[in-house]
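# Structural characterization, general
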Amino acid sequence: MAEAIHVGGLLVATPQLDDPNFRRSVVLILEYDLDGGTLGVVLNRPSDISVTQVLPTWDSMVTGPSVLFQGGPVQTDSALALAAVPSGQEPLGWRRLHAGTAAVSRLGTVDLDAPPEILAGEIAQMRIFAGYAGWTAGQLETEIGEGAWYVVDSEPGDTFHHDPGSLWRAVLRRQRGELAYVATCPDDPSMN
């Protein structure tokens, strides 16, 4: 049975989704409103642009690789940062995701206009995303109904996965039942 869309959940692209912005992507849902739409970031698209090139004051706080991630096709000229705090505290310059799942209970967004010094020592992990993924009200539900996305729960290590290129397979592999087999789908199904 499919999971319901929820903040902190993951959208995992099905092999049928061939849009180059989302092919084999894993999207963390940051905002979800039935009437207002959905916002998320692609977790597994590191770019070739180093954080030092764009936001040098934040570079020392970023969890490797120290590059901008392609968060999605919307507002690619803007940056959004996600950070995990080591405790239940809410440091200045950090805003908790409004999610009810334990996997993302210590995850929030960072105000990149704030001085990095106020968060130094307050956050455990951080990644910066250029752009985001967005859907208008009902659009994502339609795409899910058309077979473009699987909706699954996230786990604590997903947002800062050590090998972003393997995240799509890793998330699918841990699912129950037939969904786990999708992880073995070749990049080019015609080669099967």
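Up top you'll find the structure we're talking about.
Read on for a plain summary of the structure. What you see is a predicted model; the values in this text were computed from it and never measured.

### Some points on the environment of Gly121
By the element assignment, Gly121 lies in the loop between strand E8 (107–110) and strand E9 (125–135). Through-space distance from the C-alpha of Gly121 to that of Pro86 is 9.4 Å; in sequence the pair is 35 residues apart.

### A short note on unusual backbone geometry
If a residue is not glycine, its phi is most likely negative; likewise, a peptide bond is most likely trans. For the bond running from Gly64 to Pro65, omega is -5 degrees, close enough to zero to count as cis. By secondary structure assignment, the location of Pro65 is in the loop between helix H1 (51–54) and strand E5 (67–70). The phi angle at Gln75 is positive, at roughly 45 degrees, despite the residue not being glycine. Its relative accessible area of 47% is what places Gln75 among the partly exposed residues.

### Section: the environment of Arg169
Position of Arg169 relative to the elements: it lies in helix H3 (residues 167–173). Relative accessible area serves as the criterion here: at 29%, Arg169 is assigned to the partly exposed category. Remark: the alpha-carbon pair of Arg169 and Ala137, spanning 32 residues in sequence, is separated by 29 Å. Those residues in contact with Arg169 that sit more than four places away from it in its chain are Arg24, Ala183, Cys185, Pro186 and Asp187. For Arg169, the side chain forms a polar contact with the main-chain oxygen of Cys185, separated by 3.1 Å.

### A look at the packing of aromatic side chains
This structure, assessed with the given rule, holds four aromatic pairs. A ring pair is formed by Phe22 and Trp149, whose centres lie 5.4 Å apart and whose planes are at 75 degrees; its orientation type is edge-to-face. Here the residue Phe22 occupies a position in the loop between strand E1 (10–13) and strand E2 (26–33), and Trp149 occupies one in strand E10 (residues 149–152), the gap between them amounting to 127 residues. Residue Phe22 is classed as buried on the basis of its relative accessible area, which comes to 10%. Taking relative accessible area as the criterion, Trp149 reaches 3% and is therefore assigned buried. A ring pair is formed by Phe69 and Phe129, whose centres lie 5.8 Å apart and whose planes are at 55 degrees; its orientation type is tilted. In this pair, Phe69 is assigned in strand E5 and Phe129 in strand E9, connecting sequence segments 60 residues apart. The buried category is assigned to Phe69, whose relative accessible area is 0%. Taken together, Phe22, Trp135 and Trp149 form an aromatic cluster joined through their ring pairs.

### Examining the pairing of E1
Burial along E1 is two-sided: Leu10 and Val12 facing one way and Leu11 and Ala13 facing the other are all buried. Of the pairings in the sheet, the one linking E1 to E10 comprises four bridges and is antiparallel in character. Bridge pairing in E10 links Leu10 to Val152.

### Things to note about the environment of Thr38
The topology assignment puts Thr38 in strand E3 (residues 37–42). We classify Thr38 as buried; its relative accessible area is 7%. The spatial distance from the C-alpha of Thr38 to the C-alpha of Val85 is 24 Å, given a sequence separation of 47 residues. Setting aside chain neighbours within four positions, we find Thr38 in contact with Ile29, Glu31, Tyr32, Ala133, Gly134, Trp135 and Leu140.

Cut-offs used in this document
Residues numbered from 1 in each chain as written. Predicted model: local features only at pLDDT ≥ 70, side-chain atom pairs only at ≥ 80, totals over all residues. Heavy atoms only, no water. Helix = DSSP H or I, 4+ residues; strand = E, 2+ residues; numbered from the N terminus. Buried < 20%, exposed > 50% of the residue type's maximum accessible area, 1.4 Å probe, protein only. Contact = heavy atoms within 4.5 Å. Polar contact = N/O pair within 3.5 Å; in protein donor to acceptor, adjacent residues only side chain to side chain. Phe/Tyr/Trp six-rings, centres within 6.5 Å; stacked < 30°, edge-to-face > 60°. Pairing = 2+ DSSP bridges.

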